[in-house]
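# Descriptive structure summary
These are the residues of each chain, in order.
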Amino acid sequence: MIGNLRVFKPGSAADASSPSGVGGQLESGGAAVMSAAGCRMSVGTLLNGLLVSIVAALLWKYSKLSEHAALLEEELHMTRQSQELSQAHIDYHVALQALQEHGTRMVCTGKMHTDRICRFDYLCYCSEAEEFVFFHSNSSVMLPNLGSRRFQPALLDLSSVEDHNTQYFNFLELPAATLRFMPKPVFVPDVTLILNRFNPDNLMHVFHDDLLPAFYTMKQFLDSDEDARLVFMEGWEEGPHFELYRLLSNKQPLLKEQLRNFGKLMCFTKSYIGLSKMTTWYQYGFVQPQGPKANILVSGNELRHFAKVLMEKMNITRAAGGEKDQGNAEDEKTKDEYIVVFSRSTTRLILNEAELIMALAQEFQMRVVTVSLEEQSFPSIVQVISGASMLVSMHGAQLITSLFLPPGAVVVELYPFAVNPDQYTPYRTLASLPGMDLHYIPWRNTEEENTVTHPDRPWEQGGIAHLEKEEQERIMASKDVPRHLCCRNPEWLFRIYQDTLVDIPSFLEVLQEGVKAKPLLKKSKLSSTLHPGRVRDPQCQTSVQTSNEAKLTVSWQIPWNLKYLKVREVKYEVWIQEQGENTYMPYILPQQNYTFSDNIKPFTTYLVWVRCIFNKNLLGPFADVLMCRT
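Residues numbered from 1 in each chain as written. Predicted model: local features only at pLDDT ≥ 70, side-chain atom pairs only at ≥ 80, totals over all residues. Heavy atoms only, no water.

### Re the state of the cysteines
A complete count under the given rule lists 4 disulfides for this structure. Between Cys124 and Cys267 runs a disulfide, and the two sulfur atoms are separated by 2.0 Å. Because the sign of the S-S torsion sets the handedness, a value of about 100 degrees for the bond joining Cys124 and Cys267 places this disulfide among the right-handed ones. In this pair, Cys124 sits in strand E2 (residues 117-126) while Cys267 sits in strand E11 (residues 265-273), placing the two residues 143 residues apart along the sequence. The disulfide that involves Cys486 links it to Cys487, with 1.6 Å between the sulfurs. (Disulfide = S-S within 2.5 Å. Helix = DSSP H or I, 4+ residues; strand = E, 2+ residues; numbered from the N terminus.)

### A short note on the sheet that holds strand E25 (residues 593-596)
Here 3 strands make up an open sheet; going across it, the order is E21-E22-E25 and the pairing antiparallel. Here the strands that pair on one side only, and so sit at the sheet edges, are strand E21 (536-544) and E25. Strand-to-strand twist across the sheet, computed as the mean angle between neighbouring axes with direction ignored, equals 15 degrees. (Pairing = 2+ DSSP bridges. Axes fitted to C-alpha atoms, helices over the stretch in contact; angles between N-to-C directions.)

### Details of a nonpolar patch on the surface
Nonpolar side chains collect at one region of the surface, where Leu47, Leu50, Ile54 and Leu58 lie side by side and expose about 400 Å² of accessible area between them. Tracing the chain through its elements places Leu47 in helix H2 (residues 21-85). (Patch = residues over 30% accessible without salt bridge, like charges linked within 9 Å, V, L, I, M, F, W, Y side chains within 5 Å. Areas by Shrake-Rupley, 256 points an atom, 1.4 Å probe, with all protein chains shown as cover. Salt bridge = Lys/Arg side-chain N within 4 Å of Asp/Glu carboxyl O.)

### A short note on the packing of aromatic side chains
Summed over all chains, the structure comprises 31 aromatic pairs. When the ring of Phe215 is compared with that of Tyr216, the centres are 4.9 Å apart and the planes differ by 90 degrees; the resulting orientation is edge-to-face. You can call Phe215 buried: its relative accessible area is 5%. Aromatic ring contacts, followed pair by pair, group Phe120, Tyr125, Phe132, Phe134, Phe169 and Phe171 into a single cluster. (Phe/Tyr/Trp six-rings, centres within 6.5 Å; stacked < 30°, edge-to-face > 60°. Buried < 20%, exposed > 50% of the residue type's maximum accessible area, 1.4 Å probe, protein only.)

### Structural notes on the confidence of the model for the chain
Per-residue pLDDT for the chain has a mean of 88; in total, 85% of the residues score no lower than 70. Note that pLDDT drops below 50 for residues 1-34; the model gives that stretch 10 contacts with residues more than four away or on any other chain. (pLDDT = per-residue confidence, 0-100. Contact = heavy atoms within 4.5 Å.)

### Topic: the sheet that holds strand E16 (residues 390-394)
Across the sheet, which stays open at both edges, the 5 strands sit in the order E15-E14-E16-E17-E18 with parallel pairing between neighbours. This sheet does not close on itself; its edge strands, each paired only once, are strand E15 (367-371) and strand E18 (439-444). Neighbour to neighbour, the strand axes of the sheet diverge by 20 degrees on average, direction disregarded. By the bridge criterion, 3 bridges tie strand E14 (residues 338-342) to E16 in an arrangement that is parallel. Residue pairing for E16: Ile339 is matched across the bridge by Met390. Relative to the sheet, helix H9 (residues 378-385) contacts E14, E15 and E16, its axis offset from that of E14 by approximately 145 degrees.

Right, here's the structure in full:
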C-alpha cells in the first residue's frame, strides 16, 4: 500500500492538464482533498491491520508459551511426585522419552512360573485398572517370549508360596504410542522389589513366606539391597508386624492402595518381580497335607545369618551366655542360663501356666522368663530369646522366634489334645535344619479331660456351632485329627484352638527323656561343613589276562583343597559302567588306586567316575568320566 500511494501537489503537471478557469481549479482542489482523505483512511487501515497482526502474533506466542509452561509445570509436578517417593533425582523428560521410544523391557530367570523372577525396565502400573502395563515399541525386549503360555497359568508367582492361584502375576500390553492419550506417568526412580505378602497378620508367615525370601532375593538380584524399595501388591493393610518389613530397606515400603496417591499411571524405572523360594522349608497343605518341602534348599547357616542381620537392625545384642560353647564345662556353669515360656492371652492358653513355670524352674534349677506377643514389643522378645537355653510354647506362629535362639538351645512345642505332633512340623523342621543346632522336643496332651474347647466361637477360632449337629458330634468324639488339606478344616481348627491343662508329670518325663537324648554341641569346625573338590588326574590302565579275564586299574590324586583341611575320614566312590548298559557297579574305597577284576570283561569299553567323600556324607563332584578299553 505504501508503494502505491500517490501524493498530488498544486502547480504540478497534473494542474496543466486540468480544465481551464477557476472551476477547473476548484475541481482539482476537491480531488486533492478527496485524495488526502483517502490517504488518511488507507494509513489508518494499515495501522489497524498492523496492530491486529501484532496482537495476533503476541497472542499466538503467548498461547505457545503458556502451553509450554503448562507442559513444564506438569513435568515439574510429575517430577515432584517422583521426588516424594524417593530422594533419587530423575529427569522427567528423559524418563518419558525413554519410555516412549524404548518401551518396556523384561528379562527373566527360571523355566517355570514357580521359579521365575523377572527384571523390568519401565514397567508401569495403572491404578484405575489395577493392572501392570507392558508398553511395546520397536526396542522392547521380552525374554522369555512365552506368547499365550504366559497365561498357563501365569508369568510368575508374586509370593514365595508356590503355585497359589491368588498369587499369580501377569501384565497387560499396549503400544508405546498410546502414551499420548493416557495420563502423564509418574516415575519411580528407585530400584523396586514388587511382591505379595502371603499373610502379614501371622508371624510365621511373615518370616517364612515374606521376610526371608525377600531378604535373599534382594541379596541375589538388587543392585543395592538396602536402598531398594519394597512394593506390596496383595492389597492388605500394614498389619501388626509392618515394622519388621521396614527392617529390610532404608526406604519406606509402599502398599498397593498408596500407589493411587501418586497418579493414575505409575512407572517403575527398574523393578524386580517375584520372590526366591530357596529359603522356604514348609508347605501348608494346598495340594497335599502340610509338611516339610520335598526339596529343602536352605540350611541353618543362612537362617542364622538372616537372624543376625535383623537383630543388628533392631539394635539387639545377643544376651550374655547366648553363644554356647561346650568346650569349657566350668564356663558353662557360670553362665546365666534361663528358660523362656511363651504366654498367650486370648486363644490356645496354658491353663496352669504358673504351675508349669514352677516345675521347669525346679527341674532345671534355672530362672524362667515369660514373654508375650500381645504385651511386649517384638525386639524386646527377641532380646530375651536370643540368650535362652530353652524355649517352651504351645504350637503357634510365635515359635518362629526360635530362629533367634542360640546354638544348642532346646525347643519344646506343646500340642493340644487330638493334634498329632508328627503331622504339623514347621518348627520341628526349622530346628532340624543343618546348622541350626537346636534340639527339638514335642509334648502332646493325651488326656481329654485336660482340655477346654470353644464350640461357640467364630469358625476361624475353632467354633463348630455353624455345622450340622451330626458333624459337631463327630468332631467332639474324635481323638485324633486326620490329615487334611489347608485351610478351613473345622476339626483341625476346633482342636488347635483348645486351651490345655498341661499334665506336669508327663510333661517333665518327656522333657527329661528328650534332654538325655540331646547331642552335645561341639564347637563347630569349618571343615565339618566343607565339601571336597574333584579328585585330580584320574587315570585308568587295563590288561587282558585270558579270553575270559581282564583287569581294570583306576588311580587318582587327592582333591586340591584336601591338603588344607583337617578331616576325620576320607574315602573315594568309584562307579564303573559297561558302555551301552544302564546299570553300574559302585565301590567305596579307602585308597587312591585300585585294581578291579570281578565282572571285568576283555575287549570291552568301561565308563569310570571317581569322587571324594569327607566324613561319610560330604560328597565332592565327580571327575571327568574315564573311557577305559580292556
